[in-house]
Amino acid sequence: VCESDSERAALIGSIQRRLATITIGIGAAALVVLWFSIKMLTRRITQLADGVRTVQSGDYSFRLTLSGNDELTELGQEFNNLTERLETTEAQRRRFVSDASHELKTPLASIRLLSDSISQSAYMDSATMREFVADIGSEAERLQRTTEKLLDLSRRDDGVQPDVTIVDLQQAVHGTLHLLRPLAAKSDVTLTCLMSDGVTVRASEDDIYHIVFNLVENAIKYNRTGGRVSVATSMCDDKVCVSISDTGYGVPDEFRDHIFQPFFRVDGSGNRTLGGIGLGLSLVWEIIHLHGGTVMISESNENGTVLLLEFPRAV
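Residues numbered from 1 in each chain as written. Predicted model: local features only at pLDDT ≥ 70, side-chain atom pairs only at ≥ 80, totals over all residues. Heavy atoms only, no water.

(A) A look at unusual backbone geometry. In this structure, aspartate 188 is a non-glycine residue whose phi angle is positive, near 60°. Assignment of secondary structure puts aspartate 188 in the loop between α4 (169–186) and β2 (190–194). Looking at aspartate 188, the relative accessible area reads 45%, which means it is partly exposed. (Helix = DSSP H or I, 4+ residues; strand = E, 2+ residues; numbered from the N terminus. Buried < 20%, exposed > 50% of the residue type's maximum accessible area, 1.4 Å probe, protein only.)

So this is what it looks like as structure tokens:
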């Protein structure tokens, strides 16, 4: 038995052809969309790879410009943050190398000049020779201080822990100020000290000396003629408070959040230059926080600066 319906057969054939055409069209469109998507994706990845190669070559100012809200855009933003930090670090490194070279070059040149003067002079009297030798010793001490700061910074970065003990702040501060009184007298600066009995902290004696010496030395060196520096200790609840105030020029507001960063200096006429090569205060910050303390500028204006240090009380 055979039945034939040509009209239905033609309809079904037409539907099949249309479906095939639609399928081919959708497939072609999908391939085109996929090709463009892959090109866009690979282009952004290529941009990121080119950026990595650019930064690797030493151009830390390079930044990516990726748009969108996907993971690649977030990765590009993190890349830009990383290159910004690298650029800042590189700028600090370059400035440190320049400043350190200058700091080391000056005393070396003085030592060379003084030694040549002694060796080339056949009739130098003993008083002049002793003066030249004393100057050579002073320049050598300056070199030693600079190298010690560099070594201290390296040890802090390596995580070397100091030996701690119970330190009497009154005794430690008095001993440190005794060493600084000749510098204060030479600078026409008056040192005053107000110490409380029984104020102790758990720290290293050398670290306490380093903290007080650096902060008070800065306060003396960058003070006004006829000025004064005051150091006071007291108990604040369960903490030990140390304040160091001076009558210098103060620290500008825009620099207060940066003065304890490594290699940072405040330059300019009439401003406080904090540290010869920007290491002294950064080492102080590291030491204080290593012992669980804090340091901050509690007040600073044209009449001077007040630094406030806090340490856990020794129990």
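(B) Looking closely at the state of the cysteines. Evaluated as defined, the whole model comprises 1 disulfide. Two residues, cysteine 236 and cysteine 241, share a disulfide whose sulfurs are 2.1 Å apart. (Disulfide = S-S within 2.5 Å.)

(C) Spotlight on the nonpolar core. Residues Val216 and Leu309 are the most contacted members of the largest nonpolar core, which totals 37 residues. For this core, the secondary structure elements donating two or more residues are α4, β3 (200–203), α5 (205–221), β4 (228–236), β5 (239–246), α6 (280–290), β6 (294–301) and β7 (304–312). The element that contributes the greatest number of residues to this core is α5, accounting for 8 residues. Once residues lying within four places of it in the same chain are set aside, the contact partners of leucine 309 are Ile211, Leu215, Val240, Cys241, Val242, Ile288, Thr294 and Val295. Judged by nonpolar contacts, the second largest core, of 5 residues, contains Leu48, Leu64, Leu66 and Phe79. (Core = buried A, V, L, I, M, F, W, Y, C linked by side-chain atoms within 4.5 Å. Contact = heavy atoms within 4.5 Å.)

(D) Representation of the sheet that holds β4. Pairing is mixed across the open sheet formed by 5 strands, whose spatial order is β2-β4-β5-β7-β6. Two strands close off the open sheet at either side, each with one partner strand: β2 and β6. The sheet shows a mean angle of 15° between the axes of neighbouring strands, direction not considered. The sheet contacts of α6 involve β6 and β7, and relative to β6 the element is tilted by about 130°. (Pairing = 2+ DSSP bridges. Axes fitted to C-alpha atoms, helices over the stretch in contact; angles between N-to-C directions.)

(E) Spatial organisation of the side chain of aspartate 246. Relative to the helices and strands, aspartate 246 resides in strand β5. Using a relative accessible area of 9% as the deciding quantity, one classes aspartate 246 as buried.

(F) Quick look at the packing of α5 against α6. Their axes nearest at 10 Å, the elements α5 and α6 cross at an angle of 145°. In the crossing of α5 with α6, the sense of the turn from one axis to the other is left-handed. Residues Asp207, His210, Ile211, Asn214, Leu215 and Asn218 of α5 lie in contact with α6, whose contacting residues are Gly280, Leu281, Leu283, Val284, Ile287 and Ile288. Looking at the contact of α5 with α6, its residues break down into 7 nonpolar, 4 polar and 1 charged. (Left-handed = near helix turned anticlockwise from the far one by under 90°. Nonpolar A, V, L, I, M, F, W, Y, C, P; charged D, E, K, R; others polar.)

(G) Up close: the pattern of salt bridges. Scanning the model with the defined rule gives 4 salt bridges in all. Arginine 112 is the partner of aspartate 116 in a salt bridge, and the nearest nitrogen-oxygen pair spans 3.2 Å. Taken together, the residues span about one helical turn, with aspartate 116 and arginine 112 both in helix α2 (residues 71–120) at a distance of 4 residues. What makes arginine 112 exposed here is its relative accessible area of 55%. (Salt bridge = Lys/Arg side-chain N within 4 Å of Asp/Glu carboxyl O.)

(H) Representation of the pairing of β6. When β6 meets β7, the two strands line up antiparallel, connected through 7 bridges. Considered in β7, the bridge of valine 295 is made with leucine 309. Following β6, the chain reverses through 2 residues before pairing antiparallel with β7.

(I) Seen up close, the packing of aromatic side chains. Under the definition given, this model contains 2 aromatic pairs. Relative to phenylalanine 213, the ring of tyrosine 209 lies with its centre 5.3 Å away and its plane at 40°, an arrangement referred to as tilted. Linking tyrosine 209 with phenylalanine 213, this pair stays in helix α5, spanning 4 residues, or about one helical turn. Owing to a relative accessible area of 35%, tyrosine 209 belongs among the partly exposed residues under this scheme. (Phe/Tyr/Trp six-rings, centres within 6.5 Å; stacked < 30°, edge-to-face > 60°.)

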